[in-house]
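Residue strings, one per chain:
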Amino acid sequence: MKLVSYLSNGHDQLAFLVDGLLFDCDLMHPELPNSMNMFLQYWDDMFPIAQQTEAAIKSGRLSKDRGISLEEAILLAPVPFPTSCRDGYAFRQHVAAARRNRKVDMIPEFDQYPIFYFTNHHSVQGPGDIVCMPDHFEKLDFELEAAIVICKNGRNIRAEQADQYIGGLMIMNDMSARRLQMEEMLLNLGPAKGKDFSTVIGPCLVTLDELEEFEIPAKEGHIGKSWNLNMKCWVNGVQVSDGNVGDMDWTFAEIIERCSYGVNIQAGDVIGSGTVGTGCFLELNGTGKLNDPNYQEQWLQAGDIVEMEITGLGKLSNTIVKDEDDFSILAKKKI
């Protein structure tokens, strides 16, 4: 299934996405909820009903006259109010390239355990405008990722069972203000302030049953589902990134195992994969300058359009917008 949250009468409305049309879940079946939050809370009960209802829409047993055009809707994040948001570090290619560009060795700990950080779940958004403050434009960057949402509560989940806790996959753009991030991380904390202003997910949540044809084995020595899904990013119509979800070294199952160790994870928690190789300007600029000292760095500017596409998950589009407030915290830094 493809599930979408959109704005309807001032609140988030959950809908099936079928053939470019949105069908409100609660209108299609009286037992289905009208919000993603409620759907996730009662996933085991709701999922089979939703599967049957979507099949009835696709077969024509439920009239497509009840659908509204996707183009006419104001899309929200598929999970509009996640209970938390973590981001992993699963792609070795990205980590190795970033370290090579800084002329430091690949860190061996990457291959020993999967890591993650918490970001601001209140700043999760969907397609549309990304509003940035002046300091964000100091090396403003995108990050091309995939993400999952947890669909049932758990604790101390083993990787062998962890795929059962994945509700589906989405595209994620982990927006990054690199100057704020790098300055903060000099103090061995962060990257909070460089990443807390916007994390984009969307345009829809695609459940795992819809992705079965793309399943591939996890990399040698790893456990959990993996998928052969191409990942691409364009900035102002120019392709800048090309990767694959199947390139993840650490699986989502293994990341869930670490996230849930001694901790209750909740239905509605969002977890990102980390950046795919070539998936951000920080890496691309570093590689460019390593190969050519005269390489001109590129960063996001006001008015730029960032489009991300992952096979089977749709296309996510955002426009960078400058906030009217000219306040700068960088200007208040002590000398």
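Just above, that's the structure.
What you see is a predicted model, and the numbers here were worked out from it, not measured in a lab. (Residues numbered from 1 in each chain as written. Predicted model: local features only at pLDDT ≥ 70, side-chain atom pairs only at ≥ 80, totals over all residues. Heavy atoms only, no water.)

### Comments concerning the overall build of the chain
Each helix and strand in the chain was counted, giving nine helices and 22 strands. Here the chain has a C-alpha radius of gyration of 20 Å; the compact-globule value for 335 residues is 20 Å, and the two agree. Judged by the C-alpha coordinates and their principal axes, the chain covers about 65 × 50 × 35 Å. Sorting the 335 residues of the chain into buried and exposed places 52% on the buried side. At a minimum sequence separation of 6, the contacts of the chain that also span at least 24 residues come to 72%. Element-wise, carbon and sulfur atoms account for 50% of the exposed surface of the chain, whose accessible area totals about 15,500 Å². If you average the places of the 29 positive and of the 49 negative side-chain charges in the chain, the two averages end up 6 Å apart. (Helix = DSSP H or I, 4+ residues; strand = E, 2+ residues; numbered from the N terminus. Rg over C-alpha atoms; globule rule 2.2 N^0.38 Å. Buried < 20%, exposed > 50% of the residue type's maximum accessible area, 1.4 Å probe, protein only. Contact = heavy atoms within 4.5 Å. Areas by Shrake-Rupley, 256 points an atom, 1.4 Å probe, with all protein chains shown as cover. Lys, Arg positive; Asp, Glu negative; His and termini not counted. Charge placed at Lys NZ, Arg CZ, Asp CG, Glu CD.)

### Observations concerning helix α8 (residues 252–259)
Counting buried residues in α8 gives six out of eight residues, a clear majority hidden from the surface. Those residues of α8 that sit buried are Phe252, Ala253, Glu254, Ile255, Ile256 and Cys259.

### Comments concerning the pattern of salt bridges
This model, assessed by the stated rule, comprises 17 salt bridges. Among the salt bridges present, the one from Arg178 reaches Glu143, with a minimum N-O distance of 2.8 Å. A residue pair is termed long-range when its members are at least 10 positions apart, and Arg178 in helix α6 (residues 178–185) and Glu143 in the loop between β9 (140–141) and β10 (144–150) qualify at 35 residues. (Salt bridge = Lys/Arg side-chain N within 4 Å of Asp/Glu carboxyl O.)

### A closer look at the pairing of β10
Burial analysis of β10 places seven of its seven residues in the buried class, the great majority of the element. Here β10 shows a buried face lined by Leu144, Ala146, Ile148 and Ile150 and a second buried face lined by Glu145, Ala147 and Val149. In the sheet, β10 pairs with strand β12 (residues 166–174) via seven bridges, with the strands oriented antiparallel. Counterpart to Ala147 in the pairing with β12 is Met170. Bridge count between β10 and strand β20 (residues 269–272): three bridges; the pairing is antiparallel. (Pairing = 2+ DSSP bridges.)

### Examining the environment of Gln125
The residue Gln125 is located in strand β7 (residues 124–125) in this model. Judged by relative accessible area, which is 18%, Gln125 ranks as buried. As a C-alpha pair, Gln125 and Glu309 span 184 residues in sequence and 17 Å in three-dimensional space. With sequence-adjacent residues up to four places away left out, Gln125 is seen in contact with Ala77, Ile130, Ser198, Thr199, Val200, Ile201 and Asn318. A polar contact of 2.9 Å, which involves the side chain of Gln125, links it to the backbone oxygen of Asp129. (Polar contact = N/O pair within 3.5 Å; in protein donor to acceptor, adjacent residues only side chain to side chain.)

### Some points on the pairing of strand β18 (residues 238–244)
Consecutive side chains along a regular strand alternate between the two faces of the sheet. In this sheet, β18 lies alongside strand β17 (residues 230–235) in antiparallel orientation, the contact comprising six bridges. Bridge pairing in β18 links Val235 to Val238. Between β17 and β18, which follow one another and run antiparallel, lie two residues, and Asn236 among them has a positive phi close to 55°.

### Observations concerning the side chain of Ser273
Position of Ser273 among the secondary structure elements: in the loop between β20 and α9 (281–291). If we skip the residues at most four places from it in the chain, Ser273 touches Asp87, Gly88, Tyr89, Ala90, Phe91, Glu145, Ala146, Met248 and Phe252.

### Concerning the nonpolar core
If you look at the biggest cluster of nonpolar residues, it comprises 62 residues, and the most contacted ones within it are Phe142, Leu169, Ile256, Leu300 and Ile320. No other element matches α8, which puts five residues into this core. Grouped together as the second largest cluster of nonpolar side chains are 33 residues, Phe16, Cys85, Met170 and Met172 included. (Core = buried A, V, L, I, M, F, W, Y, C linked by side-chain atoms within 4.5 Å.)

### Describing the packing of aromatic side chains
Taken as a whole and judged by the stated rule, the model has five aromatic pairs. Summarising the aromatic geometry, the rings of Tyr89 and Phe110 are spaced 6.3 Å apart at their centres and angled 70° between planes, so their arrangement reads as edge-to-face. Of this pair, Tyr89 sits in the loop between β5 (84–88) and α4 (92–101) while Phe110 sits in the loop between α4 and β6 (116–119), and the two are 21 residues apart along the sequence. Exposure remark for Phe110: the relative accessible area of 5% places this residue in the buried category. Taking 5.0 Å as the distance between ring centres and 80° as the angle between the ring planes, the aromatic pair formed by Phe142 and Phe281 counts as edge-to-face. One end of the pair, Phe142, is in the loop between β9 and β10; the other, Phe281, is in helix α9, with 139 residues separating them in the sequence. For the pair formed by Phe142 and Phe281, the shared burial category is buried. Clustering of aromatic rings is evident, with ring pairs tying together Phe39, Trp43 and Phe47. Against the face of Tyr165 rests Lys152, its NZ or CZ located 5.1 Å from the ring centre. (Phe/Tyr/Trp six-rings, centres within 6.5 Å; stacked < 30°, edge-to-face > 60°. Lys NZ or Arg CZ within 6 Å of the ring centre and 35° of its normal.)

### Focus: the sheet that holds strand β22 (residues 314–322)
Spatially, β8-β22-β21-β17-β18 is the arrangement adopted by the five strands of the open sheet, whose pairing is mixed. Whereas interior strands pair on both sides, the edge strands pair on one side only; in this sheet they are β8 (128–132) and β18. Averaged over all pairs of adjacent strands, the angle between strand axes in this sheet comes to 20°, irrespective of strand direction. In the sheet, β8 pairs with β22 via five bridges, with the strands oriented parallel. Paired with Gly128 across the two strands is Asn318, which belongs to β22. (Axes fitted to C-alpha atoms, helices over the stretch in contact; angles between N-to-C directions.)

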